[in-house]
Amino acid sequence: MSGTQAWGFTDDRGTELGAARVPRRVVAYIRAGAALCDLGVTPVAVYGSGHDGEAPDPAKEGGLGAAAVTYLGPGRTLDEERLRSLRPDVLVDVTYDGKSPYALDEAVAERLGVPLVALSVGGELTLGAILDRFAALATGLGARPDPGGRDGEAEATTLPAATAPPATARPATAPPVAITPPGAATPPVTAAPATAPPLTALPVAERALREAAGRGGAAVLALSGAGPEQVHLARPDAWPELARLAELGVRLLDPGPGPGANWLTADWARAAELRPDLVLFDSRAHATPPDGPLAHVPRTAWNPETPPSPAAYARFFHELARTLAP
């Protein structure tokens, strides 16, 4: 950050970004926007990915569903003039390869003349590192520090520290917001709240999940349905949240050798051969629910694009703990 810049941030591509003032008008990929909302920064608007349609995916929107945040449709096909009319100060996306934004062409930001922050959500990072990076960005965008943070419980399990520059303080939770469909009027920017309760829900949820996993020992299979003939079986080590579940004692099933770094694509019979006691099923709108021989196996929702905030993962961990509890 130069002497003429009041705001600077280095994203997970290693790109050094700066602005003459702290960005207040944030437009983000829906997953990133939902996380920032949880962390005290309400976006002006959000956009989807190539999997999304003209309405927001309820599984991805998180706390955005309770107030009027504009949804712009898929990022690769959004109306640039409409985006320009929102006067964004910064764009926020995620990256899976550490090189390219996932849902928006970087050239869009270049044409608008605004910085584009891309934070990594790939399997090379721990869940703790991902949460720390989103917390650092939220703090840099003006979210109030949270004195508790995700480590706020004395008895909680400590997640590994982020390898990227850490936040100096962790942000607070914002009130939830809702999505406005395309064509609706854009609401004014909502400022972060002055105070909010500490984000202690994640340590509590982790403790509950560890206890439930230790009592039951159920074999858990994470998957994403792709119709009646095909299913994508998750490789636990490739997903930061699944790797964290394993650290907490959840017995996750690996689909075994085959092509695919994150998923093994197979038929439903192959999934049934793994004999899961519980299915974590992809709850996003484009995925299909468990079918065929797994149709009657107990299940609970898993969103592979859970907003990277302590509150969002706490909800997921609590729900899984309740399902695993004997």
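Parameters and conventions
Residues numbered from 1 in each chain as written. Predicted model: local features only at pLDDT ≥ 70, side-chain atom pairs only at ≥ 80, totals over all residues. Heavy atoms only, no water. Helix = DSSP H or I, 4+ residues; strand = E, 2+ residues; numbered from the N terminus. Expected span 1.5 Å × (residues − 1). Buried < 20%, exposed > 50% of the residue type's maximum accessible area, 1.4 Å probe, protein only. Contact = heavy atoms within 4.5 Å. Axes fitted to C-alpha atoms, helices over the stretch in contact; angles between N-to-C directions. Parallel < 35°, antiparallel > 145°, perpendicular 65-115°, else oblique. Left-handed = near helix turned anticlockwise from the far one by under 90°. Salt bridge = Lys/Arg side-chain N within 4 Å of Asp/Glu carboxyl O.

I keep staring at helix α6 (residues 201–216) and nothing clicks. Help me out?
For an α-helix the count is 3.6 residues per turn, leaving residues at separations of three or four pointing the same way. Taking 1.5 Å per residue, 16 residues should reach 22 Å; α6 reaches 23 Å between its end C-alpha atoms and fits that length. Regarding α6, the residues found buried are Leu 202, Pro 203, Ala 205, Glu 206, Leu 209, Ala 212 and Ala 213. Next to the buried residues of α6 lie α5 (127–140), α7 (240–247) and α9 (310–324). Two residues or fewer after α6 comes Gly 217, characterised by a positive phi angle close to 75°.

Whenever I open this one, the packing of α6 against α9 confuses me. Can you help?
Helix-helix packing is described using two parameters, namely the angle between the two axes and the distance between the axes. The contact between α6 and α9 brings their axes to 8 Å, and the two run at 20°. Between α6 and α9, the interaxial angle falls into the category roughly parallel. Helix-helix and strand crossings are classified by hand; for α6 and α9 the assignment is left-handed. Of the residues in α9, those touching α6 at Ala 201, Leu 202, Val 204, Ala 205, Glu 206, Ala 208, Leu 209, Ala 212 and Ala 213 are Pro 310, Tyr 313, Ala 314, Phe 317, His 318, Leu 320, Ala 321 and Leu 324.

Before we go on, may I ask you to explain the pattern of salt bridges in this structure?
Two side chains that carry opposite charge are able to pair once their charged atoms sit near each other. For the coordinates displayed, the defined rule picks out 15 salt bridges. Close ionic contact of Arg 315 with Asp 38 constitutes a salt bridge, the shortest N to O distance being 3.7 Å. Of the two residues, Arg 315 sits in helix α9 while Asp 38 sits in helix α1 (residues 30–38), which places them 277 residues apart along the sequence. Looking at Arg 315, the relative accessible area reads 47%, which means it is partly exposed.

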